[in-house]
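# A look at the structure
Now for the letters of each chain:
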Amino acid sequence: MKNLNEVEKSIKGAVENLVSSLNAGKSERYIEYLKFCSKFYNYSQNNQILIYTQMPTATRVAGFKAWESLGFKINRGSKALKILAPQQYKYIEVDGERIYFNQMTKEQKANKAFHKVGVTYKPVPVFDISQCTNTNNEDVITSFFYNLGDTHKDQYINLSNLVSERLNINIIETEKTQGAEGVSMGGTILIKSSIDYNNKLLTLLHEVAHEMLDKGEESDRSETTKEIRELRAESVSYIVGQYLGLENPFSSDYLLMYKADAKSLKEHLEKIQKTSKSIIELLNIEESKNVVA
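Rules behind the numbers
Residues numbered from 1 in each chain as written. Predicted model: local features only at pLDDT ≥ 70, side-chain atom pairs only at ≥ 80, totals over all residues. Heavy atoms only, no water. Helix = DSSP H or I, 4+ residues; strand = E, 2+ residues; numbered from the N terminus. Polar contact = N/O pair within 3.5 Å; in protein donor to acceptor, adjacent residues only side chain to side chain. Pairing = 2+ DSSP bridges. Expected span 1.5 Å × (residues − 1). Buried < 20%, exposed > 50% of the residue type's maximum accessible area, 1.4 Å probe, protein only. Patch = residues over 30% accessible without salt bridge, like charges linked within 9 Å, V, L, I, M, F, W, Y side chains within 5 Å. Areas by Shrake-Rupley, 256 points an atom, 1.4 Å probe, with all protein chains shown as cover. Salt bridge = Lys/Arg side-chain N within 4 Å of Asp/Glu carboxyl O. Axes fitted to C-alpha atoms, helices over the stretch in contact; angles between N-to-C directions. Parallel < 35°, antiparallel > 145°, perpendicular 65-115°, else oblique. Left-handed = near helix turned anticlockwise from the far one by under 90°. Contact = heavy atoms within 4.5 Å. Nonpolar A, V, L, I, M, F, W, Y, C, P; charged D, E, K, R; others polar. pLDDT = per-residue confidence, 0-100. Phe/Tyr/Trp six-rings, centres within 6.5 Å; stacked < 30°, edge-to-face > 60°. Lys NZ or Arg CZ within 6 Å of the ring centre and 35° of its normal.

Attention shifts here to the environment of Asp196. If you trace the backbone, Asp196 turns up in the loop between strand 9 (188-192) and helix 7 (197-215). Distance in space between the C-alpha atoms of Asp196 and His152 is 9.6 Å, their sequence separation being 44 residues. Within the local environment of Asp196, its side chain forms a polar contact with the backbone nitrogen of Gly149, the two atoms lying 3.2 Å apart.

Here it is, written out as structure tokens:
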């Protein structure tokens, strides 16, 4: 068990490492990730809901041609997911009534100055990457995170128990995490059950930080942006992970994705450090119980 000075020194060192990573800018892995994401549509919230209701485990979806252009083949027997795609149509108004393009006379079609454009939505098929097979030899980033192993399984289980017992937050492992590694719901945290224990630990730290900073009585959620909330939660995960001896290779890239930089990190440093310290002290209090005098 570390004393107070050692804890504060550990937090300071972790912050300095994270600041250095952000100052270094986008990593090659992060850039490749953005390139991969850029190949796909920007889905509306309605379409995100449609995708989730049809396949809660979906992580990356695109149409048949988009997957084909990336060197993927849709697996035989895969059932398409349906989303709504905007479709433009042309029309003119005559005596207050709409006449659509296929109803126009030859002269009306030629008189483009009177044409108006409307938008309607029609269902179109898309497929999740889990329904595809990569048919080329190129490495494609299919997930922001990758397996880190199970070396910190005991620490994850210990923290889960402490969070449940002392913070009264329910921890549920499930695949229904809205496509994320974890979800903070205010009194309940969902952790994706299929990820390895090291990722579970880092994810739990991230979501506990959300609970402490964004969902409690002292929450300033209404005064902050999503970017700032993610900055703080991921910084806490990184700091406490370092304290526990678990390097988080995703933090700087994750924060860059939310447009975080060293300046914004420093502006919220007080709350980040305070929350990190609270979690570390929670772990240390439990550890001190097991120390034999």
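Past the structure itself, the notes keep going.
Another point: the pairing of strand 3 (residues 81-94). Sheet topology note: the strand 3/strand 5 (residues 116-128) ladder contains 11 bridges and is antiparallel. Following the sheet pairing, Pro86 is matched in strand 5 by Tyr121. Strand direction decides the pairing type here: strand 3 and strand 4 (residues 97-100), joined by four bridges, are antiparallel. Following the sheet pairing, Glu93 is matched in strand 4 by Arg98. Between strand 3 and strand 4, which follow one another and run antiparallel, lie two residues, and Asp95 among them has a positive phi close to 55°.

This next bit is on helix 7. Given 3.6 residues per turn, any residue in an α-helix points the same way as the ones three and four places further on. With 19 residues, helix 7 ought to run about 27 Å at 1.5 Å a step, and its terminal C-alpha atoms sit 25 Å apart, in line with that. Of all the 19 residues making up helix 7, 16 are buried; the element is thus mostly covered by neighbouring parts of the structure. The opening residue of helix 7 is Asp196, an N-cap whose side-chain oxygen sits 3.3 Å from the backbone nitrogen of Asn198.

A few words now on a nonpolar patch on the surface. Nonpolar side chains collect at one region of the surface, where Leu84, Val119 and Tyr121 lie side by side and expose about 300 Å² of accessible area between them. Note on placement: Val119 falls in strand 5.

This brings us to the packing of helix 6 (residues 153-166) against helix 7. As a packed pair, helix 6 and helix 7 sit with axes 8 Å apart at the nearest point and diverge in direction by 30°. Taken together, helix 6 and helix 7 sit at an angle that is classed as roughly parallel. The two elements helix 6 and helix 7 meet at a crossing, and its hand is left-handed. Taking contact as the criterion, the partners of Lys153, Gln155, Tyr156, Leu159, Ser160 and Val163 in helix 6 are, on helix 7, Tyr197, Asn198, Lys200, Leu201, Leu204, Leu205 and Val208. For the contact of helix 6 with helix 7, the per-class residue count stands at eight nonpolar, three polar and two charged.

A few words now on the sheet that holds strand 8 (residues 182-184). Pairing is mixed across the open sheet formed by three strands, whose spatial order is 7-9-8. Lying at the two open borders of the sheet, with one neighbouring strand each, are strand 7 (170-174) and strand 8. This sheet shows a mean twist of 15° between the axes of neighbouring strands, independent of strand direction. As paired elements, strand 8 and strand 9 share three bridges and run antiparallel to each other. Looking at strand 9, one finds that Gly182 is bridged to Ile191.

The next thing to look at is unusual backbone geometry. Of all residues except glycine, most have a negative phi; of all peptide bonds, most are trans. Unlike most non-glycine residues, Asp95 shows phi in positive territory, near 55°. Of note, Asp95 is situated in the loop between strand 3 and strand 4. When its relative accessible area of 79% is taken as the criterion, Asp95 is described as exposed. In this structure, Asn168 takes a positive phi of about 60° despite not being glycine. Mapped onto the secondary structure, Asn168 falls in the loop between helix 6 and strand 7.

On to the confidence of the model for the protein, then. Do not read the predicted coordinates in detail wherever pLDDT is low. Looking at the protein as a whole, the pLDDT averages 81, with 84% of positions reaching at least 70. In the predicted structure, residues 288-293 sits below a pLDDT of 50 and forms two contacts with residues beyond four places in sequence or in another chain.

We now examine the packing of aromatic side chains. What the rule picks out here adds up to four aromatic pairs. With centroids separated by 5.8 Å and ring planes inclined at 40°, the aromatic side chains of Tyr89 and Tyr91 adopt a geometry described as tilted. Counting every residue linked through ring pairs, the aromatic cluster contains Tyr89, Tyr91 and Tyr100. We note Arg98 situated over the ring of Tyr91; from NZ or CZ to the ring centre the distance is 4.1 Å. Against the face of Tyr197 rests Lys200, its NZ or CZ located 4.5 Å from the ring centre.

A few words now on the side chain of Asp214. Structurally, the position occupied by Asp214 is in helix 7. Within the structure, the side chain of Asp214 is placed 3.0 Å from the side chain of Arg232, a separation counted as a polar contact. Not counting the four nearest positions on each side in its chain, Asp214 is found in contact with Ala209, Ser219, Asp220, Arg221, Arg229 and Arg232.

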